[in-house]
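Per-entry structural report
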Amino acid sequence: QVFTFNKVEIRVQPSVKVKNGAPMSIICHADISKNTDFQLKHNFTIFKDGKLVFMTVSDKEDAYYEIPVAKSSDTGDYECTVKADGKLGFSNSVYVWVAGMTKPILTADKKEVLEGEVVKLRCELPEETPPLEFFFRKIKTNSAPKEKRVPEQTQNFSEVEYYVEEGDNILQFDCFGKRQVRSGWESSQHSNKTLVTVKGNLITKPSRNVTEGDQIEFECSTVVAQIRDIEIIFQKNRTILNSVRDKKFLKYSTIATQEDSGEYLCKVEQGAVSKTTKLNVFVSELFPKPTLSASMTKLDESKDLILSCNINGFPRANFSIVRKSSSGDILLKKSRVFLTKVNVNDTGSYTCKAEVKGIVKESKPVRISVYAPVSKPTLSVVSGSPEVILGKPLQLICQSVMGTPPITFTFYKGDEIKKNVTNDTYATFLDEDIGLNDNGGYKCDARNNHSSGVKTSNILNVTVIVPIRDASLGSVPYGEVEVGSDAAFLCSVKEGSWPIDFKFFKKADHEVLLHEVREYSDRTIWHKKTMKRKDTGTYYCMASNRASVDVRSRPITISVILAVWQKGVIAAFVLTAMAGVVAVALWWFLRKKKK
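Cut-offs applied
Residues numbered from 1 in each chain as written. Predicted model: local features only at pLDDT ≥ 70, side-chain atom pairs only at ≥ 80, totals over all residues. Heavy atoms only, no water. Salt bridge = Lys/Arg side-chain N within 4 Å of Asp/Glu carboxyl O. Helix = DSSP H or I, 4+ residues; strand = E, 2+ residues; numbered from the N terminus. Buried < 20%, exposed > 50% of the residue type's maximum accessible area, 1.4 Å probe, protein only. Pairing = 2+ DSSP bridges. Core = buried A, V, L, I, M, F, W, Y, C linked by side-chain atoms within 4.5 Å. Contact = heavy atoms within 4.5 Å. Disulfide = S-S within 2.5 Å. UniProt positions renumbered as here; feature names shortened; annotations may be inferred. Axes fitted to C-alpha atoms, helices over the stretch in contact; angles between N-to-C directions. Polar contact = N/O pair within 3.5 Å; in protein donor to acceptor, adjacent residues only side chain to side chain. Domains from an automatic or database assignment. Buried area = accessible area lost by both parts, 1.4 Å probe.

Attention now goes to the pattern of salt bridges. For the structure shown, the criterion picks out 30 salt bridges. With a shortest N-O distance of 3.6 Å, E231 and R245 are connected by a salt bridge. Residue E231 is found in strand β22 (residues 231-236), and its partner R245 is found in strand β23 (residues 239-245); the two are separated by 14 residues along the sequence. The class of R245 is exposed, set by a relative accessible area of 56%. Two residues, E362 and K324, come together in a salt bridge whose shortest N-O distance is 2.9 Å.

With that settled, the discussion passes to unusual backbone geometry. With an omega of 5 degrees, the peptide bond between Q13 and P14 qualifies as cis. Position of P14 among the secondary structure elements: in the loop between β1 (3-13) and β2 (17-19). Backbone torsion omega between P130 and P131 reads 5 degrees, so that peptide bond is classified as cis. One non-glycine residue, K357, lies in the positive phi region at around 55 degrees. In this model, T530 sits at a positive phi of 50 degrees, which is unusual for a non-glycine residue. By the secondary structure assignment, T530 is in the loop between β50 (523-528) and β51 (537-544). Of the residues examined, T530 reaches a relative accessible area of 42% and is grouped as partly exposed.

Moving on to the pairing of strand β48 (residues 500-507). Along a regular strand, successive side chains alternate from one face of the sheet to the other. Note: β48 against strand β49 (residues 512-519), seven bridges, orientation antiparallel. Considered in β49, the bridge of D501 is made with R518. As paired strands, β48 and β51 are joined by seven bridges and run antiparallel to one another. The residue of β51 that forms the bridge with K506 is Y539.

What follows is about the nonpolar core. Counting residues in each nonpolar core, the largest one holds 27 residues, and the members touching the most others are F5, M24, I26, I46 and Y78. Mapped by element, the contributors of at least two residues to this core are β1, β3 (24-34), β4 (42-48), β6 (62-67), β7 (76-84) and β9 (94-99). Those residues within four positions of F5 in sequence are excluded, and the remaining contacts are A30, D31, I32, V82, A84, K87, L88 and G89.

A word on the state of the cysteines. Scanning the model with the defined rule gives six disulfides in all. The disulfide that involves C220 links it to C266, with 1.3 Å between the sulfurs. With a gap of 46 residues between them, C220 in strand β21 (residues 215-222) and C266 in strand β25 (residues 262-270) connect regions that are remote in the sequence. Each member of the pair, C220 as well as C266, is classed as buried.

Bringing the UniProt feature "domain: Ig-like" (unreviewed entry) in the protein into the picture now. Within this structure's numbering, the places UniProt gives as "domain: Ig-like" (unreviewed entry) are residues 193-280, 288-369, 377-461 and 467-557. In residues 467-557, the share of helix is 0% and the share of strand is 59%. The end C-alpha atoms are 27 Å apart.

The strand order β10-β12-β15 describes an open sheet built from three strands, whose pairing is antiparallel. Of all strands in the sheet, those bounded by a partner on one side alone are β10 (105-108) and β15 (157-163). The sheet shows a mean angle of 20 degrees between the axes of neighbouring strands, direction not considered. Of the strand pairs in this sheet, β10 and strand β12 (residues 118-124) are connected by four bridges, and their pairing is antiparallel. Note on β12: the bridge partner recorded for L106 is C123.

The antiparallel open sheet is built from three strands, whose spatial order is β1-β3-β6. If you trace the sheet from one side to the other, it starts and ends with β1 and β6, each paired once. For this sheet, the mean angle separating the axes of adjacent strands, direction not counted, is 10 degrees. Sheet topology note: the β3/β6 ladder contains six bridges and is antiparallel. Along β6, the bridge assignment pairs S25 with E66.

On to the side chain of S475, then. Position of S475 among the secondary structure elements: in strand β45 (residues 469-476). Take S475: its relative accessible area is 10%, and that puts it in the buried class. A polar contact of 3.0 Å, which involves the side chain of S475, links it to the backbone oxygen of P477. With near-sequence residues (within four places) excluded, S475 lies in contact with A488, F489, I556 and I558.

As a further point, take the domain arrangement of the protein. Assigned domains within the protein: domain 1 (3-99), domain 2 (105-198), domain 3 (201-281), domain 4 (291-371), domain 5 (378-465) and domain 6 (469-493 + 516-561). Centre-to-centre separation of domain 1 and domain 2, based on C-alpha positions: 40 Å. Taken over both partners, the interface formed by domain 1 and domain 2 buries close to 730 Å², and the fraction arising from carbon and sulfur atoms is 42%. Together, S72, Y95 and W97 form the three largest contributors to the area buried by domain 1 at its contact with domain 2, with a combined 53%. For the pair domain 1 and domain 2, the interface holds zero salt bridges. On inspection of domain 1 and its partner domain 2, the count reaches four residue pairs in polar contact (both at pLDDT 80 or more). The dominant element in the side of domain 1 that touches domain 2, judged by the number of residues it contributes, is β9, at four residues.

See the structure below:
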């Protein structure tokens, strides 16, 4: 396998001059001659200005260094080398020029300033590499821009400071950058314009510190180049209190309350320009909030309730006691003290209000709960019937028709507490452990916050129904019965609550019900008179009770046979018939012999 490099060259697509932002490909091509057709691995290396920018290994003769978005920093001399099986080929150098620069980004550390302050600007060319030159411009209404030039040798951004001079109102700033190329200097686009508003004012009268009940006045003013489309907005937090248009002055006044303490904003807007001035105001308390006290917060109906309103260290005020309602406050009395005899409808929230110099303050609400006694509860089974099948759950409900909620219900099984439930008028209890001896002893208590105490229901007796188990059928006589005689069938169960319904069936083409009876016993006997041949067959019985489960016995087979005397009659008849046949045969034989 013999090969040799004819030539290594570097190409640029679409051309050696590319517009900033366009795609660009640097192609390294190896022209190689071989004595036979065999695969050869090529190690391609591409350099820009002597620095490695791309490497790849391929069995093809071309390597592509793709640059999807060309930047001005991609400008430079490109060359490549190809190494294959110890041999090395070099290309010539090609100069690539990415024409144009990216748009710079301008930011300011302040959006609003006062005269005499300094604005710090930062201009950045994020995709460019130094050395670069930056040019900053201050643009003032009706005057030529002022420009500053700043060279940067090691970074792609620059910062400058501008002094805000007297008479500066609305300022605009922008910047652009330059870099040196072989053909000379190349300039970027101008950056975004940054707006800075100058001079706005917010004052209060009489001062920033006032007392509740005082008249407080705010004045908001601004200095702008043009009055047209100017808007002044006065707000506290996010609430707009006042606004004016096409004016340089705004006033707002109110009677001060403690709620008026906080931060106020005067915002001047004109098109995209906005200037905000902030002012903190503190309103001193004239008097503290009143306190409402109650003789009791939980009391029985028809008891006396006393509500009294007080202000700590400030006895003189106009007091009123109110009850809170969804439809509005209900005035009870314009006084410091309120006395009433309560009923359950008086349950609710109460407050008191105090007024001094036009300032009204309200106390925290006090919750008053008035209780009617609970009535004697009733305990019943949810299904309605005071019965439960053994092994099945029993659900009980305890109810009190009267009584102010919440009511606490307690369930008992015997003397054992099984469950406590707090609800409005009723509660339920599920007993999942029903045994044979659980035939009574359930009761429940009901109580609320009324002083009358606990009320107890009557004891509820519950009957436990034991399901039928193991039905069996027997007969006397067993197996065979003579025709005309009687037969007795006995159906019994091992276990089951009384009464029990017994049914006797005979199997035929379809099952035939022969007899049914209800017994307060675990067995029953059915006497069948005068058995006939057609009564031969298979019999079984079925037992059920209020557990609604039918239990079927194993079948027995009864054969109805002839009685002894009936067999004798048949035998005599047969013998007589045979004797007659013999006599006739003998007569015939003797007669034939005589002849």
